[in-house]
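Examination of the molecular architecture
Here are the chains, one letter per residue:
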Amino acid sequence: ILNVEQSPQSLHVQEGDSTNFTCSFPSSNFYALHWYRWETAKSPEALFVMTLNGDEKKKGRISATLNTKEGYSYLYIKGSQPEDSATYLCAFGSGTYKYIFGTGTRLKVLA
Amino acid sequence: DTEVTQTPKHLVMGMTNKKSLKCEQHMGHRAMYWYKQKAKKPPELMFVYSYEKLSINESVPSRFSPECPNSSLLNLHLHALQPEDSALYLCASSQGLSSTGELFFGEGSRLTVL
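It should be emphasised that the depicted structure is a prediction, and the values quoted were computed from it without experimental measurement. (Residues numbered from 1 in each chain as written. Chains lettered and ligands numbered in written order. Predicted model: local features only at pLDDT ≥ 70, side-chain atom pairs only at ≥ 80, totals over all residues. Heavy atoms only, no water.)

With that settled, the discussion passes to the nonpolar core. Counting residues in each nonpolar core, the largest one holds 24 residues, and the members touching the most others are Phe 25, Leu 33, Trp 35, Leu 75, Tyr 88 and Leu 107 of chain A. Of all the secondary structure elements, the ones that give two or more residues to this core are β2 (10–14), β3 (19–24), β4 (32–38), β5 (45–50), β7 (62–67), β8 (72–77), β9 (86–93) and β11 (105–110) of chain A. For this core, the element with the most residues is β9 of chain A, which contributes 4 residues. The next biggest cluster of nonpolar side chains, apart from the first, holds 23 residues, and it includes Cys 23, Leu 78, Tyr 89 and Leu 111 of chain B. (Core = buried A, V, L, I, M, F, W, Y, C linked by side-chain atoms within 4.5 Å. Buried < 20%, exposed > 50% of the residue type's maximum accessible area, 1.4 Å probe, protein only. Helix = DSSP H or I, 4+ residues; strand = E, 2+ residues; numbered from the N terminus.)

So this is what it looks like as structure tokens:
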């Protein structure tokens, strides 16, 4: 059974703080690692898709890194804002159609 | 248009009812997915359609019946459901078949079975 773990499960930070979350995944049969941002009552939206060991991606204040050899990815948010409040889901891509999701990290940024 | 549209947003049904969830995308994506998510759990794959053919059925009970009438539409027919089937049902699509491709999600249909 392939397992994807995310930590922490939830997190409250103050506006302006920087924060990071972890996604752990199997180190075998790796195709891709996805990060999605999911606001309440909206649809999950892709932040990053990473396929190569050592990949680093950045979008504004959010960035992500990938280590496929040890099976982890970090998502960083610099200078958190209230609008960053959401659930951040990672998904391990393992073959055709196969996306295995973690339970997500619920982030609340307090103004 | 990068939207996946799901209807209805909310559905309450009795155990003897028959209802359907609908999903639509106009991005020309060839793969469409149904996921089920219970509270504080990860989305779990139920079905995948590729080029309008059922490619994956993750041992889903037959009270859930998927249908793909054309490349833009995906339905999930519900019959004789149980209260434990109450969950958020998410539809997604992807351009290709490899899991290197981004998934595009709808907002989900929140199902309550009484």
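Still more ground to cover, so stick around.
Attention now moves to empty space enclosed by the protein. Residue and element names in this part refer to chain B. Following the criterion strictly, the structure yields 1 cavity of 30 Å³ or more and no others. Along the walls of the largest cavity sit His 29, Arg 30, Met 32, Tyr 49, Tyr 51, Glu 52, Cys 68, Asn 70 and Ser 71, which together make up its complete lining. Here the residues of the lining of the largest cavity sort into 4 nonpolar, 3 polar and 2 charged. (1 Å grid on protein atoms, 1.4 Å probe; cavity = no way out; pocket = protein on both sides within 12 Å on 5 of 7 lines; lining within 4 Å. Points joined across faces, edges and corners; volume = space filled by probe spheres on them. Nonpolar A, V, L, I, M, F, W, Y, C, P; charged D, E, K, R; others polar.)

A separate point is the state of the cysteines. Under the counting rule described, the total for this entry stands at 2 disulfides over all chains. At a sulfur-sulfur separation of 2.0 Å, the disulfide partner of Cys 23 of chain A is Cys 90 of chain A. Between Cys 23 of chain A and Cys 90 of chain A, the S-S dihedral sits near 75 degrees, and the bridge is therefore right-handed. Here Cys 23 of chain A, found in strand β3, pairs with Cys 90 of chain A, found in strand β9; they are 67 residues apart in sequence, far enough to count as distant. Residue classification places Cys 90 of chain A among the buried positions, given a relative accessible area of 0%. Note on cysteine connectivity: Cys 23 of chain B is disulfide-linked to Cys 91 of chain B, with sulfurs 1.9 Å apart. Handedness of the Cys 23 of chain B-Cys 91 of chain B disulfide follows from its S-S torsion of about -70 degrees: it is left-handed. (Disulfide = S-S within 2.5 Å.)

Function cannot be inferred from these measures alone, as they are strictly geometric.
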